[in-house]
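# Architecture at a glance
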Amino acid sequence: MQLAQKAIKKSEEEWKKVLTPEQYHVLRQKGTERPFSGNFYYNKEKGVYTCAACGQELFSSNTKFESGSGWPSFYDVISNDKVRLKEDTSYFMNRIEVICSRCGSHLGHVFEDGPAPTGKRYCINSVSLNFKKEEEKGKKGEERK
Ligand code: FE
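Below: a short report on this structure. (Residues numbered from 1 in each chain as written. Predicted model: local features only at pLDDT ≥ 70, side-chain atom pairs only at ≥ 80, totals over all residues. Heavy atoms only, no water.)

On to the pattern of salt bridges. In the structure shown here, the tally under the stated rule is 10 salt bridges. One salt bridge connects Glu-13 with Lys-16, and the closest N-O pair in it is separated by 4.0 Å. A residue pair is termed a helical-turn pair when its members lie 3 or 4 positions apart in one helix, as Glu-13 and Lys-16 do in helix H1 (residues 12-18) at three residues. Between Glu-66 and Lys-44 there is a salt bridge, with the nearest N and O atoms lying 3.1 Å from each other. Placement of Glu-66 in the loop between strand S3 (64-65) and strand S4 (73-74) and of Lys-44 in the loop between helix H2 (21-29) and strand S1 (47-51) is noted, with a sequence separation of 22 residues between them. Bridged by salt links that share partners, the residues Glu-45, Lys-133 and Glu-135 form one connected network. (Salt bridge = Lys/Arg side-chain N within 4 Å of Asp/Glu carboxyl O. Helix = DSSP H or I, 4+ residues; strand = E, 2+ residues; numbered from the N terminus.)

As structure tokens, then:
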């Protein structure tokens, strides 16, 4: 049985202390990094993508695909309880925002134009993610951006 994830709650002042200004802007202020600017768009290594704010495992490299968008794209989440989805009507668009279920940080958006088998495209900011390479999984302190 999986243990219930404990929610992580920090004040915005606390988040500012532990995140870089760019991370803070995207994760806590729902910013968007410039396309093709992030660390992970071209990453093809095998491993797990985690939330850059709280470390929760979010996406597997097995579901990553090249979307042409300039942002890391996945057709599925590791499990649905890792994210919360929220309607986002900002910038005169109708989008579904993807939020880390553990710490409430903004990750990106999900669209319905992804590949099989789900048809979903989770379009995620690189700056919202860390990456754990497969062979490094489980080793402490081996996370890299
Ligand atoms: Fe998180």
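From this point, the narrative continues.
Turning next to the sheet that holds strand S2 (residues 57-60). A sheet is described by the order of its strands in space; here three strands give the open sequence S2-S1-S9, paired in antiparallel fashion. Each end of this open sheet is capped by a strand with a single partner; those strands are S2 and strand S9 (129-133). Each adjacent strand pair in this sheet contributes to an overall mean axis angle of 30 degrees, direction not counted. In this structure, S1 lies alongside S9, joined through five bridges in antiparallel fashion. Its bridge partner being in S9, Gly-47 is matched across the sheet by Lys-133. (Pairing = 2+ DSSP bridges. Axes fitted to C-alpha atoms, helices over the stretch in contact; angles between N-to-C directions.)

What follows concerns unusual backbone geometry. Of the consecutive residues Ala-116 and Pro-117, the connecting peptide bond is found in the cis state with omega at 5 degrees. Inspection of the secondary structure puts Pro-117 in the loop between strand S7 (106-111) and strand S8 (121-124). A positive phi angle, close to 65 degrees, is found at Phe-36, a residue other than glycine. In this fold, Phe-36 is placed in the loop between H2 and S1. With relative accessibility at 44%, the residue Phe-36 sits in the partly exposed group. (Buried < 20%, exposed > 50% of the residue type's maximum accessible area, 1.4 Å probe, protein only.)

Below, the discussion takes up the environment of Arg-34. Examined against the element boundaries, Arg-34 turns out to sit in the loop between H2 and S1. With a relative accessible area of 63%, Arg-34 lands in the exposed category.

Let us now look at the coordination of the iron ion. The iron ion binds to the protein through Cys-51 (SG), Cys-54 (SG), Cys-100 (SG) and Cys-103 (SG); the donor distances cover 2.3 to 2.4 Å. Metal-centred angles of 102 to 114 degrees between the four donor atoms at the iron ion mark the site as tetrahedral. Between the donor residues of the iron ion, the gaps in sequence give the motif C-x2-C-x45-C-x2-C. Taken together, the residues span a long stretch of sequence, with Cys-54 in the loop between S1 and S2 and Cys-100 in strand S6 (residues 95-100) at a distance of 46 residues. (Donors = N, O, S within 2.8 Å, 3.2 Å for Na, K, Ca; no water. Tetrahedral: all angles 85-135°; square planar, octahedral: opposite > 155°, others 65-115°.)

As summarised here, the arrangement of the six strands in space is S3-S4-S8-S7-S6-S5, forming an open sheet in which the pairing is antiparallel. Each edge of the open sheet carries a strand with a single partner, namely S3 and strand S5 (83-88). Across four bridges, S7 lies against S8 in antiparallel orientation. Considered in S8, the bridge of His-109 is made with Cys-123.

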